[in-house]
Amino acid sequence: MQLFEKLVDHDKAVRLVLENTPRLPVARVPLTEARGLALAEDLRANFDSPPFDNSAVDGYAVRSADAAEAGRIFQVVDEAPAGRPATKSVGEGEAIKIFTGGVIPDGADAVVMVENTSGWGEEFELKKAAEPGQNLRERGADVREGELILRAGAEVGAPEIALAATQGYGKLSVFRRPKVVVLSTGTELIEPGSRELSPGEIFDSNSFALLAQAEEAGADARRVGALSDDEGVLRAAMEEALSTADVVVTSGGVSVGEKDLVKGTLLDLGVEQIFWGIKLKPGKPVFFGAREDVRLFGLPGNPVSAMVCFELFVRPALMWMTGREDKHRPRIEVYFDDDVENRFGRMHAMRVTLERTQKGWRAESVGAQGSGLVSSLTKADALALIGPESRGVRAGQPVEAIVLREEKLS
Ligand code: AMP
Ligand code: MG
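Everything numeric in this text was worked out from a predicted model, so none of it was measured.

Thresholds, definitions, all that
- Residues numbered from 1 in each chain as written.
- Chains lettered and ligands numbered in written order.
- Predicted model: local features only at pLDDT ≥ 70, side-chain atom pairs only at ≥ 80, totals over all residues.
- Heavy atoms only, no water.
- Phe/Tyr/Trp six-rings, centres within 6.5 Å; stacked < 30°, edge-to-face > 60°.
- Helix = DSSP H or I, 4+ residues; strand = E, 2+ residues; numbered from the N terminus.
- Buried < 20%, exposed > 50% of the residue type's maximum accessible area, 1.4 Å probe, protein only.
- Pairing = 2+ DSSP bridges.
- Core = buried A, V, L, I, M, F, W, Y, C linked by side-chain atoms within 4.5 Å.
- Contact = heavy atoms within 4.5 Å.
- Axes fitted to C-alpha atoms, helices over the stretch in contact; angles between N-to-C directions.
- Parallel < 35°, antiparallel > 145°, perpendicular 65-115°, else oblique.
- Left-handed = near helix turned anticlockwise from the far one by under 90°.
- Nonpolar A, V, L, I, M, F, W, Y, C, P; charged D, E, K, R; others polar.
- Expected span 1.5 Å × (residues − 1).
- Bend = angle between axes of the 7 residues up to and from the residue.
- Near = heavy atom within 4 Å.
- Polar contact = N/O pair within 3.5 Å; in protein donor to acceptor, adjacent residues only side chain to side chain.
- Areas by Shrake-Rupley, 256 points an atom, 1.4 Å probe, with all protein chains shown as cover.
- 1 Å grid on protein atoms, 1.4 Å probe; cavity = no way out; pocket = protein on both sides within 12 Å on 5 of 7 lines; lining within 4 Å.
- Points joined across faces, edges and corners; volume = space filled by probe spheres on them.

**Q** Any details on the packing of aromatic side chains? Residues and values, ideally.
**A** Enumeration over the complete set of coordinates arrives at 4 aromatic pairs. Ring geometry for F74 versus F124: centroids 5.3 Å apart, planes at 10 degrees, classification stacked. Taken together, the positions of F74 in strand β5 (residues 73–80) and F124 in strand β9 (residues 123–126) put the pair 50 residues apart, joining distant regions of the chain. There is no split in this pair, since F74 and F124 are both buried.

Here it is in structure tokens:
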């Protein structure tokens, strides 16, 4: 039987993961494929935007000096729909019919809304005095030529795509989306929905949970159904995963039992161990390794351990690979109303609920903290990191927590 050689601290494990994970190559992708990726370079405005003074409303472009008082009659000499500038300019007592987005014609310095006129033809009467510049959207009001509009590392979402498009960028340089393969291992595991359970069997939940987490972190993730604890089966599936993915995530079979074949199989397949075993609860037996550019996370089978360890180690790695600035979840300081013990000699990533109080963020355990209690994670807002050094924390003492439900903070 194999034993853990040396457990690494949580912080050191995160550092080792990030230090040993390469950034993915940069690719130029069409706007339609950029969502969720991080920009690999700063983006500057190519020109003033909007590129020309234009009308904010449907109405008439006039000289404001002519429109200082209501009651005047204007002659309509031309029209300027969006996309078709007028050919004439606006002279004294004249107006050009204009539509939202239409180019402000020469001579005009204000637009009167159609609602403030009467008659919509050759001439109209002004019903309300106009101010210079009214209803006019100025060239460059949005961004100025040369201005930094998006920073490298920013996640591309709908607003970023919109801004890039206004500046004529059809493609963006982004870090490629990571390909993730998720495998679960355990002879007891059955595909949910496939049939009823026989004695001793359970449904595979980890591969679904880890797939969802990988997708949530922006990865292009694929799930391989549960594999039995058989060397041949594991070997074939892992080789296939290692030769197609950027990141392979396994669950189960990575501890020190006789049926724990994951680590041995990976080493046989040429994966180099970076660490195995973390001073953490839940999630002691995590394995992290590398084969060429592929990174491999062997997560424990207990569902809470698998999901928590994904949060703590895999998610930051995926974020880092894709160049995301925000690779960590928000961290906040919390306190407990009562003393909290830690008898494990390992850091306890405790599932807690959060409540904002006058003293700050109050954390409370979700209840039992067993690593098989899947329902506990549905109740958790955050993971409070209760250090290994102390025997725990005292009531009111500040504790760092990783916020899982970011909407709680708003
Ligand atoms: P292991 O890490 O393989 O020793 O598994 C630890 C515990 O987690 C055992 O009770 C397993 O049955 C359970 N387990 C392992 N893999 C999964 C999975 N994919 N879904 C749900 N439970 C699992
Ligand atoms: Mg197992």
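That shown, we press on.
**Q** Could you give an account of the sheet that holds β5, naming the residues involved and the relevant values?
**A** Two strands in a sheet stick together by hydrogen bonds in their backbones, pointing the same way (parallel) or opposite ways (antiparallel). Strand order in the open sheet formed by 6 strands is β7-β4-β6-β5-β9-β8, and the pairing between neighbours is mixed. Here the strands that pair on one side only, and so sit at the sheet edges, are β7 (110–113) and β8 (117–118). Pairing analysis gives 3 bridges linking β5 to β9, with the strands arranged antiparallel. Counterpart to F74 in the pairing with β9 is F124.

**Q** Account for the nonpolar core, naming residues and giving values.
**A** In this structure, V180, F275, F297, L299, F313 and L318 are the most contacted members of the largest nonpolar core, which totals 44 residues. Secondary structure elements with two or more residues in this core: α1 (10–19), β13 (179–185), α3 (206–216), β17 (247–251), β21 (294–299), α6 (303–321), β24 (347–357) and β26 (382–386). Once residues lying within four places of it in the same chain are set aside, the contact partners of V180 are A214, A219, D220, A221, R222, V247, V249 and L318. Residues L242, V271, F287 and V294 belong to the second largest nonpolar core, which totals 22 residues.

**Q** Summarise the packing of α3 against α6; cite the residues concerned and give the values.
**A** Two elements in contact, α3 and α6, have axes separated by 10 Å at closest approach and are oriented at 25 degrees. What the angle tells us is that α3 and α6 run roughly parallel. When the axes of α3 and α6 are compared, the crossing they make is right-handed. Residue-level inspection shows N206, A209, L210, Q213, A214 and E216 of α3 in contact with α6, the latter providing P303, A306, M307, F310, E311, R315 and L318. The residue makeup of the contact of α3 with α6, split by class, is 8 nonpolar, 2 polar and 3 charged.

**Q** How would you summarise the sheet that holds strand β20 (residues 287–291) if you had to cite specific residues and measurements?
**A** In space, the 6 strands of this open sheet follow the order β16-β13-β17-β21-β20-β18, with mixed pairing throughout. Edge positions in the sheet fall to β16 (220–227) and β18 (272–276), since each of these pairs with one other strand and no more. Between one strand axis and the next, the sheet turns through 15 degrees on average, direction left out of account. Pairing of β18 with β20, which is carried by 4 bridges, proceeds in the antiparallel orientation. Bridge pairing in β20 links Q273 to G289. Set on the sheet, α1 makes contact with β18, β20 and β21; between it and β18 the angle comes to about 160 degrees. Here α6 sits on the sheet in contact with β13, β17 and β21, set at roughly 170 degrees to β21.

**Q** Describe α6, and please don't skip the residues or the numbers.
**A** An ideal rise of 1.5 Å per residue puts 27 Å on 19 residues; α6 measures up with 25 Å between its terminal C-alpha atoms. Taken as a whole, α6 carries its principal kink of about 45 degrees at F310. Counting buried positions along α6 gives 18 out of 19 residues, so the element sits mostly inside the fold. Positive backbone phi, approximately 70 degrees, marks G323, located one or two places after α6.

**Q** I'd like a rundown of the pairing of β9, residues and numbers included.
**A** Alternating positions in β9 separate cleanly, F124 and L126 being buried on one face and E123 and E125 remaining unburied on the opposite face. Inspection of the sheet shows β8 paired to β9 by 2 bridges, in the antiparallel sense. Bridge assignment links S118 to a residue of β9, and that residue is E125. Between the antiparallel neighbours β8 and β9 lie 4 residues, among them G119 with a positive phi of about 90 degrees.

**Q** Pulling in residues and values, what's your account of the site of ligand 1?
**A** Near ligand 1 there are 15 residues, and of these E188, D204, S205, G253 and G301 occur at the shortest range. In this structure, D204 approaches ligand 1 through a side-chain N or O atom, which is 2.8 Å from a nitrogen atom. Between ligand 1 and G253, the relevant distance is 2.8 Å, taken from an oxygen atom to a main-chain nitrogen or oxygen of the residue. When isolated, ligand 1 has an accessible area of 480 Å², and the protein chains bury 75% of it. Those elements that place two or more of their residues in the shell around ligand 1 are β13 and β15 (202–203). Split by residue class, the shell around ligand 1 holds 4 nonpolar, 9 polar and 2 charged.

**Q** So what's going on with the packing of α1 against α6? Which residues, and what values?
**A** At a closest axis distance of 9 Å, the pairing of α1 and α6 adopts a crossing angle of 30 degrees. Here α1 lies roughly parallel to α6, going by the angle between them. At the point where α1 passes α6, the crossing takes the right-handed sense. The residues of α6 that touch α1, namely those facing H10, A13, V14, V17 and L18, are L312, F313, P316, A317 and W320.

**Q** Could you give an account of the environment of G121, with specific residues and numbers?
**A** Take G121: it is sitting in the loop between β8 and β9. For the pair G121 and A56, spaced 65 residues apart in sequence, the C-alpha separation works out to 20 Å. Once residues lying within four places of it in the same chain are set aside, the contact partners of G121 are Y60 and V76.

**Q** Would you mind going over empty space enclosed by the protein in detail, with residue names and values included?
**A** Under the criterion given, the structure shown has 1 cavity of 30 Å³ or more. Considering only enclosed or pocket space, the largest cavity measures out at about 80 Å³ in volume. In this structure, the largest cavity is lined by H10, V14, E311, L312, R315, P316, K327, H328, R329, R331 and I402. Put simply, the parts of the chain that give the lining of the largest cavity at least two residues each are α1 and α6. Top element by residues in the lining of the largest cavity is α6. It accounts for 4 residues.

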